[in-house]
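# Descriptive analysis of the structure
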Amino acid sequence: MASNYDRLDAGQRALVDASVETYARVRPALKNVTSGVLWTFREIFEDAEEIEPLFITARTKTVESFREKISRLDPPAEPGGEPTLKFPDPFRTLNDMVGVRVITKLPGDNAVAANLIKRQRDIFDCRGDREKAIGSIESGTYGYSSRHLILRTLQNDAVKEYQAIFNPELPANGSYFFECQIRTIFAHAWSEIEHDIRFKSQDPRAWSPQFDRQFTATAAMLEVVEKEFADLHERYEKVRSFWDQDGEGSQPLNPDRIRDVWQTLLPHVDRKVDDDWGWAAELVAAHGLTETWQLVELLDAERITDVRKALDHRYSPGPDRLLDDLLLWRFGREHIELTAEAADAAPHPRRDSLQRRLRQIERFRLA
């Protein structure tokens, strides 16, 4: 397939060839810059408490890739004119000859990683920060989300060595611009495949509009998947906090708190009409359950499964019935005496119901 280079005229090729020759000469020194930057990034994140990327990679653009990129053409400035080189002075305008990628788990991690990098002001100077494809979000279309930072090294020794080789007549100041991409593992996979098809094979003879449709569809699906994983992680962190007896787990069990805990742990078992959870607060308080972690402990998944099997509910129980049964399972006759009518009351339908259900539980345990 035709490359960008193949489309250049003789004068443009001469300029590109000169830059490629220089790049091939200095690339070994530039690879040392890349290695140093990668080591620095890994050290930064190794000591970070707020985030742990899946992995961090870095690469120095290959000679072939460098030649292909600097062979790109801009449209003519005027009608009837000739196209011009997009990067006539690549060593001054390209920021991606050295590139770092920080691959995260969730979309929210991207901002955390970017802020951590930008705080390293004694190592890097951030000269650009943008969200790639943010325009597609604002226009209601789909792309992939990737945070792009343009960073400049400060007094970097490997850069000074590179600069001395590139142009020994100029003083080496250790400042070098490079690109850092921060994106999730899903966006990373999508962009790698897209890059292979869209940018590495730019021959129009090998293109179909269906490719665009498929890329748009997969980008939309990835956005949904990322959102679901983000929601899952948020729920996980919330549930985990409920068990913290020195923090969130010590919060008192008022009706609103019980509703929040229940809807987090058992969203599929919810009240349909009555939103007053005062009844639940009374039930758990009868047994001295007054803190969040105690309710979470009661709502154990295995216990709920056993209760459902033991009582063989004819209808799926709502929160009121299920909570009542869980307390009965755990506290037995004590639950009846604390929450039912007095034994000598007439009538006593709740006491009768609880006693019948307790006998079912006892038979289940003996079986």
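We now turn to the structure provided with this report.

Turning our attention to the packing of helix α1 (residues 10-46) against helix α2 (residues 63-70). Close contact between α1 and α2 brings their axes to 10 Å; oriented N to C, the two are set at 150°. Taken together, the axes of α1 and α2 are roughly antiparallel relative to one another. For the crossing formed where α1 meets α2, the hand is right-handed. On α2, the residues that touch Val16, Ser19, Val20, Tyr23, Ala24 and Arg27 of α1 are Val63, Phe66, Arg67 and Ile70.

So, about the packing of aromatic side chains. For the structure shown, the criterion picks out 14 aromatic pairs. Judged by centre distance (6.5 Å) and plane angle (40°), the ring pair of Tyr23 and Phe91 falls under tilted. Of this pair, Tyr23 sits in helix α1 while Phe91 sits in helix α3 (residues 90-93), and the two are 68 residues apart along the sequence. The exposure class assigned to Tyr23 is buried, which follows from its relative accessible area of 0%. Aromatic side chains Trp277 and Trp279 sit 5.4 Å apart centroid to centroid with 25° between the ring planes, which places their arrangement in the stacked category.

Here Gly128 is to be found in strand β5 (residues 124-132). Here the alpha-carbon distance between Gly128 and Gly288, two residues 160 residues apart in the chain, equals 57 Å. When residues no more than four places from it in sequence are discounted, the contact partners of Gly128 are His148, Leu149 and Ile150.

Gaps left between atoms are located by rolling a probe of water-molecule size over the structure's atoms. Under the defined criterion, the tally for this structure stands at one cavity of 30 Å³ or more. Considered as a void within the structure, the largest cavity measures approximately 40 Å³ in volume. The leading source of residues in the lining of the largest cavity is α1, at three residues.

With that out of the way, let us pick up the nonpolar core. Core analysis: the biggest nonpolar cluster contains 40 residues, and Phe41, Phe45, Val102, Ile117, Tyr176, Phe178 and Cys180 have the highest contact counts within it. Listing elements by their share of this core, those giving two or more residues are α1, α2, β4 (98-104), α4 (107-118), β6 (146-153), α6 (157-166) and β7 (177-184). Per-element accounting of this core gives the leading share, 12 residues, to α1. Beyond its immediate sequence surroundings of up to four residues, Phe45 is in contact with Ile51, Pro53, Ile56, Val102, Ala113, Leu116 and Ile117. If you look at the next biggest cluster of nonpolar residues, it comprises 34 residues, including Leu253, Trp262, Val269 and Trp277.

Taken as a whole, this structure holds 22 salt bridges when the rule is applied. Residue Lys61 pairs with Asp96 through a salt bridge whose shortest N-O separation is 3.4 Å. One end of the pair, Lys61, is in the loop between β1 (55-60) and α2; the other, Asp96, is in the loop between α3 and β4, and 35 residues separate them in sequence. On the basis of relative accessibility, which here comes to 7%, the residue Lys61 falls in the buried class. Each of the salt bridges in this network shares a partner with another, and the network as a whole consists of Arg321, Asp324, Asp325, Arg350 and Arg357.

Before going further, it helps to examine the packing of helix α10 (residues 278-285) against helix α13 (residues 319-331). Two numbers describe how α10 lies on α13: the axes approach to 10 Å, and their chain directions differ by 0°. Relative to α13, the element α10 lies roughly parallel. Contact residues: Trp279, Ala280, Leu283 and Val284 in α10; Pro319, Asp320, Leu323, Asp324 and Leu327 in α13. Its residues assigned to classes, the contact of α10 with α13 comprises seven nonpolar, no polar and two charged.

What follows concerns a positive patch on the surface. Among the surface-exposed residues, Arg333, Arg356, Arg359 and Arg363 lie close enough to one another that they form a single positively charged patch. With three residues, the top contributor of residues to the positive patch is helix α15 (residues 349-366). Residue placement: Arg363 occurs in helix α15. Judged by its relative accessible area of 53%, Arg363 is exposed.

Okay, unusual backbone geometry next. Going from Ala346 to Pro347, the amide bond is cis rather than trans, its omega being -5°. Relative to the helices and strands, Pro347 is located in the loop between α14 (333-339) and α15. At Asp312, a residue that is not glycine, the phi angle is positive and equals roughly 45°. Locating Asp312 in the fold gives a position in the loop between α12 (301-311) and α13.

Reading the values: the criteria
- Residues numbered from 1 in each chain as written.
- Predicted model: local features only at pLDDT ≥ 70, side-chain atom pairs only at ≥ 80, totals over all residues.
- Heavy atoms only, no water.
- Axes fitted to C-alpha atoms, helices over the stretch in contact; angles between N-to-C directions.
- Helix = DSSP H or I, 4+ residues; strand = E, 2+ residues; numbered from the N terminus.
- Parallel < 35°, antiparallel > 145°, perpendicular 65-115°, else oblique.
- Left-handed = near helix turned anticlockwise from the far one by under 90°.
- Contact = heavy atoms within 4.5 Å.
- Phe/Tyr/Trp six-rings, centres within 6.5 Å; stacked < 30°, edge-to-face > 60°.
- Buried < 20%, exposed > 50% of the residue type's maximum accessible area, 1.4 Å probe, protein only.
- 1 Å grid on protein atoms, 1.4 Å probe; cavity = no way out; pocket = protein on both sides within 12 Å on 5 of 7 lines; lining within 4 Å.
- Points joined across faces, edges and corners; volume = space filled by probe spheres on them.
- Core = buried A, V, L, I, M, F, W, Y, C linked by side-chain atoms within 4.5 Å.
- Salt bridge = Lys/Arg side-chain N within 4 Å of Asp/Glu carboxyl O.
- Nonpolar A, V, L, I, M, F, W, Y, C, P; charged D, E, K, R; others polar.
- Patch = residues over 30% accessible without salt bridge, like charges linked within 9 Å, V, L, I, M, F, W, Y side chains within 5 Å.
- Areas by Shrake-Rupley, 256 points an atom, 1.4 Å probe, with all protein chains shown as cover.
- Lys, Arg positive; Asp, Glu negative; His and termini not counted.
- Charge placed at Lys NZ, Arg CZ, Asp CG, Glu CD.

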